[in-house]
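Residue strings, one per chain:
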Amino acid sequence: MRIDEFPLQDKNQIASTYSAAAPTVEHLYDYPRFSQDIMEQRMRDLSSREFEREKLANYLSDYNFQFSCSKQTLRNIDKLKDPKTVAVIGGQQAGLLTGPLLTVHKCISIIQFARLQERQLGVPVVPVFWIAGEDHDYDEINHVNVLKNGHPEKISLPPLNSLKTSATLMEWDSGKAAEWAETVFREFGETAETKTLLSKVKETFASSKTVVHSFAQLISELFGEFGLIVVDSGEPHFKRLQTGMLEKMVSRNKDLDQAFVKGMEKLAEQGLPAPVELQENNAHLFIYHNQERQLLFRNENGDFHTKSNEVSYSAQELLSCTKDKPELFSNNVVTRPVMQESLFPTLAFIAGSGEIAYWSALKEVFHLFGFKMPPLVPRLSITLITEKNEKQMQETGLTPRKVLQQGTDSSKQEWYETHKPYETEKMYAETIAEMERAHERMRSLATEISPSLQKVSEVNLNRIKKEIAYLHTKMDHAVRKQFVEPLSVFDQLQNDLAPSGVLQERVWNAFLYINQYGSGWIGRLANENLAFNGMHKLVYLP
């Protein structure tokens, strides 16, 4: 594959500063870089810790097996039983049809960094994808963007009910999901791949009870050959492995909250933006009540209640639940990273910009439970460029870098000014100037006749200007109609590479490209050895 790269500034202040290894944020992390010496240090640090590897491997085997996972995945799960084996982990919410492209890019990042470190360290390193199934914001995962009327529009799948439960537990109507998929693929457009691909998607949806299940199935199929292990943070049986850590989080809840507040204060001291909302007496744990996921708060006596006070627990009652009913609990953004750290021998965490930002407040939380925060490796950021895009750039003289950094509007206007056959702008300016000179004599005479006419004459002048501007706009539109096709090329490039000024990977879905090129490009890209150097990658398809 042809792959280029160039530096692209991350808009997230903390993430961009971290990627630059700036001293201003280094102290916020235990491993301020992800160089090879840091990875070797992390290996030494992990060697002194113990994990319930047998239980974890047995659970992961059962969970992944239901998706007809590959032999490579089962072998990687078995490797976790070996005390020398470590994991590279990253995660994302379970979007429909795998969500935005960045999810696929994160999977590729996990696989490639695991492969690189296995080669460098000489120990087994397995790739793990952590599905954020605990999240209950269905609106974030219930849609796919398609291009309509010149801009991205969501095609959403409505929920079965209004319960604010986790995505893992949120059942769906597979029939409605199949109808939704048909609508999406109609917008993608008919290709040689469509019939088979849509049939496979509908088959996956039919066998899935939830969006998370369908997500895990699709990810397993796309990355099975690379042995990617999937785990759903919200799966009830997975909670059984979390009882010990849940007990610590409840028994030391006040300390947990104070550690987090301390981390947030450090950010504020440096003038850095707050990456997470700070709520007083937040327990940083959710509880399921009446099938809904509700955030717990701690009162002055150390007992717990939901925000509405609909549910309350004494500290002892909640501690008992951690042992007897761990499936009732759900982590938030503060406790999820620590829970992950307690379960997996994590060599490195593949992080997006938002994760790098909010993890900057968690160092003291990790330390509270005797852990070090794992090295954070910024995920690979990628833009896909099709053959059509290449031709469009040749026509317009644009480069991918210019489109991503500056957009196409200014170049589009420059092209139009160069090629338009009529100088409407010049004529407009001259007409306004001549009219103002003529009108000046009228205004002077009007004021001489009666000073009260001065304001009327100024209003009259502005009204005439507006009419001339209206005619100029109409003239310009008429001229532009003659160039609809060449001007639309600029818009197409913008929509393909940076729709609405946002990176492609955050807007378009992988299946838009799978529908066009098949899924082979994903495997080829995963087999590349992309550099984790902070540079934005340009991948040319097919």
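Keep in mind it's a predicted model, so treat the numbers as computed, not measured. (Residues numbered from 1 in each chain as written. Predicted model: local features only at pLDDT ≥ 70, side-chain atom pairs only at ≥ 80, totals over all residues. Heavy atoms only, no water.)

*Asks:* When you look at the sheet that holds strand 14 (residues 382–385) in this model, what are you seeing that I'm missing?
*Replies:* Paired through backbone hydrogen bonds, the strands of a sheet run either parallel or antiparallel to each other. Reading across the sheet, the three strands line up as 1-15-14 and stay open at both edges, with mixed pairing between neighbours. A strand with exactly one partner marks an edge of an open sheet, and here the two such strands are strand 1 (3–7) and strand 14. Each strand of the sheet is rotated relative to its neighbour by a mean of 25°, with strand direction disregarded. As paired strands, strand 1 and strand 15 (residues 535–540) are joined by five bridges and run antiparallel to one another. Bridge assignment links Glu5 to a residue of strand 15, and that residue is Lys537. (Pairing = 2+ DSSP bridges. Helix = DSSP H or I, 4+ residues; strand = E, 2+ residues; numbered from the N terminus. Axes fitted to C-alpha atoms, helices over the stretch in contact; angles between N-to-C directions.)

*Asks:* Could you clarify how one ought to interpret the pairing of strand 5 (residues 151–156) in this entry?
*Replies:* Where strand 4 (residues 143–148) meets strand 5, six bridges bridge the pair, whose relative direction is antiparallel. Each bridged residue has a counterpart across the sheet, and for His143 the counterpart in strand 5 is Ser156. The antiparallel pairing of strand 4 with strand 5 creates a hairpin that spans two residues between the two strands, and Asn149 there sits at a positive phi of about 55°.

*Asks:* I keep staring at the environment of Leu318 and nothing clicks. Help me out?
*Replies:* Secondary-structure assignment places Leu318 in helix 12 (residues 315–324). What makes Leu318 buried here is its relative accessible area of 0%. It is 72 Å that separates the C-alpha atoms of Leu318 and Met475, two residues lying 157 residues apart in sequence. (Buried < 20%, exposed > 50% of the residue type's maximum accessible area, 1.4 Å probe, protein only.)

*Asks:* Explain the environment of Phe185 here, please?
*Replies:* Mapping Phe185 onto the fold places it in helix 7 (residues 174–188). Classification of Phe185 as buried rests on a relative accessible area of 3%.

*Asks:* Sorry, what's going on with the side chain of Asn331 here?
*Replies:* Within the fold, Asn331 resides in strand 11 (residues 329–331). A residue is classified by how much of its surface remains accessible, and Asn331, at 3% relative accessible area, is buried.

*Asks:* Explanation requested: the packing of helix 7 against helix 8 (residues 194–206) in the structure shown.
*Replies:* Describing two packed helices takes the angle between their axes plus the distance from one axis to the other. Look at helix 7 against helix 8: their axes get within 9 Å of each other, and the N-to-C directions meet at 155°. When the interaxial angle is binned, helix 7 and helix 8 end up roughly antiparallel. Read as a crossing pair, helix 7 and helix 8 show a hand that is right-handed. Facing Ser174, Ala177, Ala178, Trp180, Ala181, Glu182 and Phe185 of helix 7, the residues of helix 8 in contact are Thr194, Leu197, Leu198, Val201, Lys202, Phe205 and Ala206. The residue makeup of the contact of helix 7 with helix 8, split by class, is 10 nonpolar, two polar and two charged. (Parallel < 35°, antiparallel > 145°, perpendicular 65-115°, else oblique. Left-handed = near helix turned anticlockwise from the far one by under 90°. Contact = heavy atoms within 4.5 Å. Nonpolar A, V, L, I, M, F, W, Y, C, P; charged D, E, K, R; others polar.)

*Asks:* Would you explain the side chain of Lys537 in this entry?
*Replies:* As for its position among the elements, Lys537 is in strand 15. A distance of 2.6 Å separates the side chain of Lys537 from the side chain of Glu5, its partner in a polar contact. Those residues within four positions of Lys537 in sequence are excluded, and the remaining contacts are Ile3, Asp4, Glu5, Leu380, Ser381, Ile382, Thr383 and Ala531. (Polar contact = N/O pair within 3.5 Å; in protein donor to acceptor, adjacent residues only side chain to side chain.)

*Asks:* Honestly, unusual backbone geometry in this entry has me stumped. Any pointers?
*Replies:* What is expected of a backbone is that most residues other than glycine have negative phi and most peptide bonds are trans. Geometrically, the link from Leu541 to Pro542 is a cis peptide bond, its omega value of 0° lying close to zero. By the secondary structure assignment, Pro542 is in the segment after strand 15. Of note in the backbone geometry, Thr98 takes a positive phi value of approximately 75° without being a glycine. Backbone geometry places Asn281, a non-glycine residue, at a positive phi of 60°. Looking at the element boundaries, Asn281 is found in the loop between helix 11 (253–269) and strand 7 (282–289). Of the residues examined, Asn281 reaches a relative accessible area of 32% and is grouped as partly exposed.

*Asks:* So what exactly am I meant to see when it comes to the packing of aromatic side chains here?
*Replies:* For any pair of aromatic rings, the description consists of the separation of the ring centres together with the inter-plane angle of the planes. Taken as a whole and judged by the stated rule, the model has 16 aromatic pairs. Note on Tyr59 and Phe238: the rings are 5.2 Å apart at their centroids and 25° apart in plane angle, and the pair reads as stacked. In this pair, Tyr59 is assigned in helix 4 (residues 53–65) and Phe238 in the loop between strand 6 (229–232) and helix 10 (243–251), connecting sequence segments 179 residues apart. On the basis of relative accessibility, which here comes to 10%, the residue Tyr59 falls in the buried class. (Phe/Tyr/Trp six-rings, centres within 6.5 Å; stacked < 30°, edge-to-face > 60°.)

*Asks:* Is there a simple way to explain the UniProt feature "domain: Bacillithiol biosynthesis BshC N-terminal Rossmann-like" (unreviewed entry) in the protein in this structure?
*Replies:* Taking the UniProt record as the reference, the feature "domain: Bacillithiol biosynthesis BshC N-terminal Rossmann-like" (unreviewed entry) is found at residues 1–380. Helix makes up 43% of residues 1–380 and strand 18%. Its end C-alpha atoms lie 16 Å apart. (UniProt positions renumbered as here; feature names shortened; annotations may be inferred.)

*Asks:* Can you help me understand the nonpolar core in this one?
*Replies:* One broad rule of soluble globular proteins: the nonpolar side chains tend to lie buried together. Counting residues in hydrophobic clusters, the biggest one holds 138 residues, and the most contacted among them are Leu97, Trp180, Phe223 and Phe344. Of all the elements, helix 6 (residues 101–121) adds the most residues to this core, at nine residues. With residues up to four places along the chain from it excluded, the contact list for Phe344 reads Phe51, Leu56, Leu60, Ile89, Val128, Trp130, Val231 and Phe238. Counting 17 residues, the second-largest nonpolar core is a separate cluster that includes Met393, Leu398, Leu404 and Ala498. (Core = buried A, V, L, I, M, F, W, Y, C linked by side-chain atoms within 4.5 Å.)

*Asks:* Is there a simple way to explain the sheet that holds strand 13 (residues 376–378) in this structure?
*Replies:* On the basis of which strands lie adjacent, the open sheet formed by five strands has the order 6-3-2-12-13 and parallel pairing. Edge strands, defined here as strands with exactly one partner in the open sheet, are strand 6 and strand 13. With direction set aside, neighbouring strand axes in the sheet form an average angle of 30°. Taken together, the four bridges between strand 2 (residues 86–92) and strand 12 (residues 346–351) define a ladder with parallel strand orientation. Among the inter-strand pairings, Ile89 is bridged to a residue of strand 12, identified as Phe349.

*Asks:* Please clarify how the pattern of salt bridges should be interpreted in this entry.
*Replies:* For side chains bearing opposite charge, pairing can occur when the charged atoms are close. Applying the stated criterion across every chain yields a total of 25 salt bridges. Glu54 serves as the salt-bridge partner of Lys81, at 3.7 Å between the closest nitrogen and oxygen. Of the two residues, Lys81 sits in the loop between helix 5 (71–79) and strand 2 while Glu54 sits in helix 4, which places them 27 residues apart along the sequence. Assessed through its relative accessible area of 32%, Lys81 is described here as partly exposed. Taking the shortest distance from any N to any O, the salt bridge between Glu364 and Lys266 comes out at 3.1 Å. Of the two residues, Glu364 is situated in helix 15 (residues 363–368) and Lys266 in helix 11; the sequence distance between them amounts to 98 residues. By relative accessible area, Lys266 is classed as partly exposed at 25%. Within this structure, Arg2, Asp4 and Glu390 form a network of salt bridges that share partners. (Salt bridge = Lys/Arg side-chain N within 4 Å of Asp/Glu carboxyl O.)

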